[in-house]
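In case you want the letters, here they are:
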Amino acid sequence: MTTFQSLGLSKPILKSLDVMGFEETTPIQEQTIPLGLEGKDVIGQAQTGTGKTAAFGIPMLEKINKQVKAVQGLVIAPTRELAIQVAEELNRLGKGKGIRVLPIYGGSNMERQIRALKNNDIVVATPGRLLDHIRRKTIKLQDVHTAVLDEADEMLNMGFIEDIRDILKALPEERQTLLFSATMPKEIRDIATTLMNNPEEVKVKAKEMTVENIEQFFVEIPEKHKFDTLTRLLDIHDPALAIIFGRTKRRVDEVADGLQARGFSAEGIHGDLTQGKRMSTLNKFKRGRIEILVATDVAARGLDISDVSHVYNFDIPQDPESYVHRIGRTGRAGRKGKSISFVTPREKDQLHLIEKLTKKKVERLKVPSSEEAARGQQKVAVEKLAETITNNDLNNYKQAANELLEQYESTDLVAAALKMMTKERSEVPVRLSSVQPISVKNAQRDKSKKKGGYRKGGGGKRNFNNKNKSRNRNFSGKGGSKRGNYQNKGRS
Ligand SMILES: Nc1ncnc2c1ncn2[C@@H]1O[C@H](COP(=O)(O)OP(=O)(O)OP(=O)(O)O)[C@@H](O)[C@H]1O
Ligand SMILES: [Mg+2]
């Protein structure tokens, strides 16, 4: 076990880490924080949910000089929600040192951002909005000594590369550049090294690219049966919080509407929604006020919502990398999670491609029948009833119970209670617009076209092997203007 003290961090940062309940380093933190402190450029690759934010954040925060009244650190992230989440994490980490971190992203008030920029040490930005500020000369970057590309491979895919080059050109040449992601395809790594100064590459050694604590399944299923199968699985799994990924914005809207029609607590999020709507939906999800988030890849990268127990790939993703990030929204910081991917018979090759990249076999799950789904729901109700007996003082209800028992058979009474607790689903038929299956060939063609222990709010201790589930939720995400690239993700 490596402690943060042993890395020689300053008192104020150690104090923040203590407040956050971080006890020991994660492997990527242990390996990259010392390099970062030495001033080296670093390409860091480690599995989802293993603390990359603090791995780049801590060295950056250590190097901020509070006497200098200017932006000294810059983080670029692919989506607005992720920019906000990273800024929140850095604010917590830098609190002991009095460091101020500002997220800037498209869709929010430009003037207000300009005023706020004056008082901040670190800026976390989406590329589009940052370039706006650079072009309008409303941001001063001459004191930036550390630049980070979070989700580096995504930022350097062909859709973003020119923006990133322009941004880096606006920074002092004498600077440290840090690139982090859970995935780093070779061709992207090659581009990355041209932007950096002799980078050290740190790849946390793991047998598989995905974390062990996510159990991965697939169901093989024709397109037209996907929706009914989804609702059955949801009834059987009864997830605490679930994210369902769909391929397109329209798809996301249709699935979210369909789930609502069948009585599920679901909402959709994608790049066509206003910033306000995106934020409010995500916040509701973080607080558990909606249980199911239906999303495009806009929510695939970086978002850290601790109670997500299930990820469903309603449509299999186009890139194996995208699969890694999507399922990585569960199983974070040592918690357990499950992923279930829907694969149409014609998409089996795509599944094999994913297994090849991740070096992990995805287990087949049987398509449940409607009887199995009904039994699954009853099982959930039975478990809730048993839990209520164990965890509550039921004395106040006993008189009423005895009276009922004089009138009715005990079996009938329990059956009635179970019926009341079981959400009987409406059978409304839900029809989705048809979509093309993903084929490996198409995916490759698209690629060539493109070429153009854990935190706790209140000081409790957490570490990466801690299996305790915490109700403490935190989140993050994406943003912006449309670009004809990479599956048309909403970006800014
Ligand atoms: N050393 C630590 N001890 C305890 N918790 C930690 C530690 N480091 C990070 N965490 C927590 O782990 C969670 C995941 O961290 P983070 O979001 O940085 O992961 P990531 O590696 O960037 O994942 P992704 O690839 O999905 O972006 C966060 O809630 C974070 O606060
Ligand atoms: Mg991250």
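Given the structure is predicted, the values throughout are model-derived calculations rather than measurements.

Looking now at the nonpolar core. Ranked by size, the top nonpolar core spans 37 residues in total, and within it Phe-4, Leu-9, Leu-17 and Ile-58 carry the most contacts. Excluding its chain neighbours within four sequence positions, the residues that come into contact with Leu-9 are Phe-4, Leu-14, Leu-17, Ile-33, Leu-37, Ile-58 and Glu-62.

Moving on, we come to helix H3 (residues 52-62). Along H3, eleven of the eleven residues are buried, which leaves the element largely enclosed by surrounding structure. For H3, the full list of buried residues reads Lys-52, Thr-53, Ala-54, Ala-55, Phe-56, Gly-57, Ile-58, Pro-59, Met-60, Leu-61 and Glu-62.

The next point concerns the domain arrangement of the protein. One can read the domain layout of the protein as domain 1 (4-203) and domain 2 (208-368). The straight-line distance from the C-alpha centre of domain 1 to that of domain 2 is 28 Å. Taken together, the contact pairs 21 residues of domain 1 with 21 residues of domain 2. Carbon and sulfur atoms supply 51% of the area buried between domain 1 and domain 2, which totals about 1700 Å² over both sides.

Taking strand neighbours across the sheet as the criterion, the seven strands line up as S3-S4-S2-S5-S6-S1-S7 in an open arrangement whose pairing is parallel. Whereas interior strands pair on both sides, the edge strands pair on one side only; in this sheet they are strand S3 (101-104) and strand S7 (200-203). Mean inter-strand twist for the sheet, computed between neighbouring axes without regard to direction, equals 15°. Across four bridges, strand S1 (residues 42-45) lies against strand S6 (residues 176-181) in parallel orientation. Across the sheet, Gly-44 pairs through a bridge with Phe-180, a residue of S6.

What follows deals with the sheet that holds strand S11 (residues 292-295). Across the sheet, which stays open at both edges, the seven strands sit in the order S10-S11-S9-S12-S13-S8-S14 with parallel pairing between neighbours. Since the sheet does not close on itself, it has two edges, and those belong to strand S10 (266-269) and strand S14 (363-364), each with one partner. Pairing analysis gives four bridges linking strand S12 (residues 308-313) to strand S13 (residues 337-343), with the strands arranged parallel. Paired with Tyr-312 across the two strands is Ile-340, which belongs to S13.

Looking now at the pairing of strand S4 (residues 122-125). Along S4, one buried face is formed by Ile-122 and Val-124 and the opposite face, lined by Val-123 and Ala-125, is buried too. Strand direction decides the pairing type here: strand S2 (residues 73-76) and S4, joined by four bridges, are parallel. The residue of S4 that forms the bridge with Gly-73 is Ile-122. Alignment of S3 against S4, held across four bridges, turns out to be parallel. Within S4, the position partnered with Ile-104 by the bridge is Ala-125. You can see the chain leave S3, run along helix H5 (residues 110-117) and come back into S4, and the turn it takes is right-handed.

Among the structural elements, Ala-147 can be located in strand S5 (residues 146-150). Sequence separation between Ala-147 and Ile-122 is 25 residues, and the spatial gap between their C-alpha atoms is 9.8 Å. For Ala-147, the residues in contact, after removing those within four places along its chain, are Leu-74, Leu-168, Leu-171, Arg-175, Gln-176, Thr-177 and Leu-178.

Within the fold, Arg-262 resides in the loop between helix H11 (249-261) and S10. You can call Arg-262 buried: its relative accessible area is 8%. Engagement of the side chain of Arg-262 in a polar contact is seen with the side chain of Thr-231, the distance being 3.5 Å. Not counting residues up to four positions away in its chain, the partners in contact with Arg-262 are Phe-227, Asp-228, Thr-231, Arg-425, Ser-426, Glu-427, Val-428, Pro-429 and Val-430.

Before going further, it helps to examine the pattern of salt bridges. Inspection of the entire model under this criterion finds 32 salt bridges. We note a salt bridge from Glu-38 to Lys-40, for which the minimum N-O separation is 2.7 Å. Using a relative accessible area of 30% as the deciding quantity, one classes Lys-40 as partly exposed. The shortest N-O distance in the salt bridge between Arg-129 and Asp-132 comes to 3.9 Å. Of this pair, Arg-129 and Asp-132 both sit in helix H6 (residues 127-135), three residues apart, which is roughly one turn of that helix.

Before going further, it helps to spend a moment on the packing of helix H10 (residues 226-237) against H11. Contact geometry for H10 and H11: axes closest at 11 Å, N-to-C directions at 55°. By the criterion of interaxial angle, the relationship of H10 to H11 is oblique. Between H10 and H11 the crossing geometry is right-handed. Counting all contacts with H10, which are made through Lys-226, Phe-227, Leu-230, Thr-231 and Leu-234, the residues of H11 involved are Arg-251, Val-255, Gly-258 and Leu-259. Of the residues that constitute the contact of H10 with H11, the class distribution is five nonpolar, two polar and two charged.

Time to look at the environment of Thr-126. Examined against the element boundaries, Thr-126 turns out to sit in the loop between S4 and H6. Taking relative accessible area as the criterion, Thr-126 reaches 0% and is therefore assigned buried. With 23 residues separating them in the primary sequence, Thr-126 and Pro-103 have C-alpha atoms 8.5 Å apart.

The phi dihedral of Glu-151 is positive, around 55°, even though this residue is not glycine. The residue Glu-151 is located in the loop between S5 and helix H7 (152-155) in this model. Unlike most non-glycine residues, Asp-238 shows phi in positive territory, near 45°. For Asp-238, the location among the structural elements is in the loop between H10 and strand S9 (241-245).

How each quantity is defined
Residues numbered from 1 in each chain as written. Chains lettered and ligands numbered in written order. Predicted model: local features only at pLDDT ≥ 70, side-chain atom pairs only at ≥ 80, totals over all residues. Heavy atoms only, no water. Core = buried A, V, L, I, M, F, W, Y, C linked by side-chain atoms within 4.5 Å. Buried < 20%, exposed > 50% of the residue type's maximum accessible area, 1.4 Å probe, protein only. Contact = heavy atoms within 4.5 Å. Helix = DSSP H or I, 4+ residues; strand = E, 2+ residues; numbered from the N terminus. Domains from an automatic or database assignment. Buried area = accessible area lost by both parts, 1.4 Å probe. Pairing = 2+ DSSP bridges. Axes fitted to C-alpha atoms, helices over the stretch in contact; angles between N-to-C directions. Right-handed = clockwise from strand over helix to strand, strands pointing away. Polar contact = N/O pair within 3.5 Å; in protein donor to acceptor, adjacent residues only side chain to side chain. Salt bridge = Lys/Arg side-chain N within 4 Å of Asp/Glu carboxyl O. Parallel < 35°, antiparallel > 145°, perpendicular 65-115°, else oblique. Left-handed = near helix turned anticlockwise from the far one by under 90°. Nonpolar A, V, L, I, M, F, W, Y, C, P; charged D, E, K, R; others polar.

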